[in-house]
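# A look at the structure
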Amino acid sequence: RKTILISASGISNGAQAYERIKNGASLVQSYSGLIFEGPSMVRKINEEILELMAKDGYENISQAIGANLK
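Scoring rules and cut-offs
- Throughout this description, residue numbers start from 1 for each chain and increase along the sequence as written.
- The model is predicted, so local features are restricted to residues of pLDDT at least 70 and side-chain atom pairs to those at 80 or more, both for listing and for counting; the totals for chains, interfaces and linings are taken over all residues.
- Excluding hydrogens and water, the side-chain figures rest on all heavy atoms present in the structure.
- Numbering of helices and strands runs from the N terminus; a helix is a DSSP stretch of H or I covering at least four residues, while a strand is a stretch of E covering at least two.
- Our radius of gyration looks at C-alpha atoms and nothing else; its globule reference is 2.2 Å times the residue count to the power 0.38.
- Each residue gets one of three labels from its accessible area relative to the maximum for its type: buried under 20%, exposed over 50%, partly exposed in between, using a 1.4 Å probe on protein chains only.
- Should any heavy atoms of two residues lie within 4.5 Å, those residues are counted as being in contact.
- All accessibility values rest on the Shrake-Rupley procedure with a 1.4 Å probe; residue burial counts only the protein chains present in the view.
- Counted charges follow a simple rule, with Lys and Arg positive, Asp and Glu negative, and His plus the chain ends left uncounted.
- Here the site of a charge means NZ on Lys, CZ on Arg, CG on Asp, or CD on Glu.
- Whenever a helix is involved, its axis is fitted only over the stretch in contact; in every case the axis is a line through C-alpha atoms, and angles between N-to-C directions fall within 0 to 180 degrees.
- Oblique is the label for every angle not falling under 35 degrees (roughly parallel), over 145 degrees (roughly antiparallel), or within 65 to 115 degrees (roughly perpendicular).
- Should the near helix be turned counterclockwise from the far one by less than a right angle, the crossing is left-handed, whereas a clockwise turn marks it as right-handed.
- Note on terminology: a nonpolar core comprises buried Ala, Val, Leu, Ile, Met, Phe, Trp, Tyr and Cys residues joined through side-chain atoms within 4.5 Å.

## Thoughts on the overall build of the protein
Looking only at helices and strands, the protein features four helices and two strands. Its C-alpha atoms give the protein a radius of gyration of 12 Å, within 12% of the compact-globule value 11 Å for 70 residues. With the C-alpha coordinates of the protein rotated into their principal frame, the extents come out at 35 × 25 × 15 Å. Per-residue burial over the protein gives 26% buried out of 70 residues. Put simply, 51% of the contacts in the protein that link residues at least 6 apart link residues at least 24 apart. Total accessible area on the protein is roughly 5,000 Å²; 53% of this is exposed by carbon and sulfur atoms. Charge-centre separation for the protein: the mean point of 8 positive side chains lies 8 Å from the mean point of 7 negative side chains.

Encoded structure:
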């Protein structure tokens, strides 16, 4: 059985979210950032994660999950 790790708090940009994904999070949650920056923050984070994934040579987010733990 696979464990799902959800990382929350302190996520306001793609680099922070991506680092947590690479550290094992399957999901990330940002609530305060959404309140302060609005819904466009979600698109910005997704675009930043895609750029970081491309730099690391990943084609799918599942390849990045836990990458720092391997």
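## A few points about the packing of helix α1 (residues 14-22) against helix α3 (residues 40-56)
Contact geometry for α1 and α3: axes closest at 8 Å, N-to-C directions at 55°. Overall, the two elements α1 and α3 adopt an arrangement that is oblique. Crossing angle aside, the handedness with which α1 passes α3 is right-handed. Where α1 abuts α3, its residues Gly14, Ala15, Ala17, Tyr18, Ile21 and Lys22 lie against Ile45, Glu48, Ile49, Leu52, Met53 and Asp56.

## Thoughts on the side chain of Ser7
Structurally, Ser7 can be placed in strand β1 (residues 6-8). Ser7 has contacts with Arg20, Ala25, Leu27, Val28 and Gln29, leaving out every residue within four places of it along the chain.

## Remarks on the nonpolar core
Ile11, Ala17, Tyr18, Ile21, Met41, Ile45, Ile49, Met53 and Ala64 together form the largest nonpolar core, which totals nine residues. Elements with a minimum of two residues in this core: α1 and α3. Filtering out sequence-adjacent residues up to four positions away, Ile11 remains in contact with Gln16, Ala17, Arg20, Val28, Gln29, Ser30 and Ile45.

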